[in-house]
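Geometric and topological summary
Chain residues, written in single-letter form:
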Amino acid sequence: MKQLLLSYLNRGTELYDDPEKRHKILIINWFGTVGFSITFILGINAYLENNISLAITLLLSSILFFLSLQNHWLFLKQYRFETSSTLIQLSLITLMLYLVYSGGSNNTGPLWVFLVPPVMMFFGGLKGGLRNTLGFILCYCVIMFYPDDQLLQASYSYEFKTRVLYSLMTLTFLAGYYEYSRHQSFLHVKQLSEKFEQQARRDHLTNIPNRRAMMEQLSYEYARVVRNNNTMSILLIDVDYFKHVNDQYGHKYGDEVLVKLAKLFEGTLRKQDMISRWGGEEFLILLPLTPLNDAYEVAEKVRLTIKNHPIEYENTTIPITVSIGIGSADKDHTVDSAITRADEHLYQAKEGGRNCVYPQMAS
């Protein structure tokens, strides 16, 4: 039974990853269900006690709560929550004002108004919740303190009216502070999550995308290739004799070479291209919507740029060259096969003397 109830209340939350949207779905499910159930039961009870006007009001409210749920579930995938939340808020405010006016059962109706501030904050956030709650408080004051109680069906003492008002204002302040704190905490956690996610997708040394980020981008671009029947290419780059750099100058210099190479790559590539550190001294460049011939021209440009810009570090000049293998993917050749071909071509480039691009083509 417990599992069934939880499944019912969480209905639709699995459609979204955004915690704020999931929170709104859960609140609408929860409050819509509770609001419908309570007003329906109280409406039947009022009818049995022969309080027809109260029974009609409560049952109409239960219908509105039910309709808000139906609208919510019907348009769940379109994220049309605003209509449902507006229906719930209007239903609650109208019901509360009627209970203030009529007194409800044994003049206890006004005691229900303390539901208004937290519910308004839940659905409207701090700004919208304060606006709606202050609007309700204004209506409460007009009804309660109008001269000679002309707008009241029930009779309340002045002390009761003011105490309910002061309590309502205090609760509004507390609910507003809670909503503000909750939203600030949510933003802080979201910023931390985005920061950690970004860190997880970037190479800590060169600060360019890492292998994980590149694999995600490769999958995205390949889906576009298949959809539009295009071609994409990749360049697999290896730094020639990088081990010699580490052995001769030290790992500190080797790290600096990788950092400055990454900047050279970024400055050489086109806006639509993407560079990543593939592993060790290997880099992989994604060339979207680029056939093999054009990829060769880009590869040659990269190779010559690296060759003509030796790395300067601590008064030491380190000449660097790279070997590049090219692979292409289309609807008949997957990303994995393109990477495999690029790796094979890189091996042939290194076997052919390094500081070259393979396969070689006429530019």
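For the structure itself, consult the block above.
Throughout what follows, the structure given in this document is the object of discussion. The residue numbering used here restarts from 1 in each chain and proceeds along that chain's sequence as written. Selection of residues for local features in this predicted model requires a pLDDT of at least 70, selection of side-chain atom pairs for listing and counting requires 80 or more, and totals for whole chains, interfaces and linings are taken over all residues. Note that water and hydrogens are dropped before the side-chain values are worked out from all heavy atoms of the structure.

1. Here we look at the overall build of the chain
The criterion, for reference: A run of H or I in DSSP counts as a helix once it spans at least four residues, and a run of E counts as a strand once it spans at least two, with each numbered from the N terminus. The rule is simple: take the accessible area with a 1.4 Å probe, protein chains only, and divide by the maximum for that residue type; under 20% is buried, over 50% is exposed, in between is partly exposed. Between two residues, a contact is recorded if the distance between any of their heavy atoms is within 4.5 Å. Here the accessible surface of atoms and residues is derived via Shrake-Rupley with a 1.4 Å probe, and residues count as covered only by protein chains that are part of the display.
Within the chain, the regular secondary structure consists of eleven helices and seven strands. By principal-axis analysis of the C-alpha atoms, the chain measures approximately 100 × 50 × 35 Å. For the chain, the proportion of its 363 residues judged to be buried stands at 43%. The long-range share in the chain, meaning contacts at least 24 apart out of those at least 6 apart in sequence, stands at 68%. Surface accessibility of the chain: about 20,000 Å² in total, with carbon and sulfur atoms responsible for 57%.

2. Section: the environment of His204
Position of His204 relative to the elements: it lies in the loop between helix H6 (158-200) and helix H7 (211-228). The class for His204 is exposed, based on a relative accessible area of 76%. On a C-alpha basis, the gap between His204 and Ile143 in space is 64 Å, while along the polypeptide they are 61 residues apart.

3. Some details on the layout of surface pockets
This is how the line gets drawn: Cavity: a set of points on a 1 Å grid over the protein atoms alone where a 1.4 Å probe fits but cannot get out. Pocket: an open set with protein on both sides within 12 Å along at least five of seven lines, its lining residues, like those of a cavity, having an atom within 4 Å of a point. Grid points are joined across faces, edges and corners, and a volume is the space filled by probe spheres set on the points. Amino acid classes used here: Ala, Val, Leu, Ile, Met, Phe, Trp, Tyr, Cys and Pro are nonpolar; Asp, Glu, Lys and Arg are charged; the rest, including Gly, are polar.
For the largest pocket, the calculated volume is near 360 Å³. Forming the boundary of the largest pocket are 25 residues, of which Ile38, Leu42, Leu58, Leu99 and Trp112 lie nearest the centre. Counting residues per element, the ones that place at least two in the lining of the largest pocket are helix H2 (19-48), helix H3 (52-74), helix H4 (81-102) and helix H5 (116-145). Counted as a void, the second largest pocket has a volume near 310 Å³. Around the second largest pocket, the lining is made up of 23 residues, and of these Gln89, Phe123, Gly124, Gly125 and Gly128 lie nearest the centre. Those elements that provide at least two residues to the lining of the second largest pocket are H2, H4, H5 and H6. Of the residues assigned to the lining of the second largest pocket, the class counts are seven nonpolar, ten polar and six charged.

4. As for helix H8 (residues 242-249)
Convention followed: Arc, as used here, means the arc of the directions from the helix axis to the C-beta atoms.
All buried positions along H8 are accounted for by Phe242, Val245 and Asn246. Here the buried residues of H8 occupy an arc of 95 degrees about the axis, which is enough to place them on one side. In H8, the exposed residues that point more than 90 degrees away from the buried face are Lys243, Asp247 and Gln248. On its buried face, H8 is in contact with strand S1 (232-239), helix H9 (251-268) and strand S5 (316-318).

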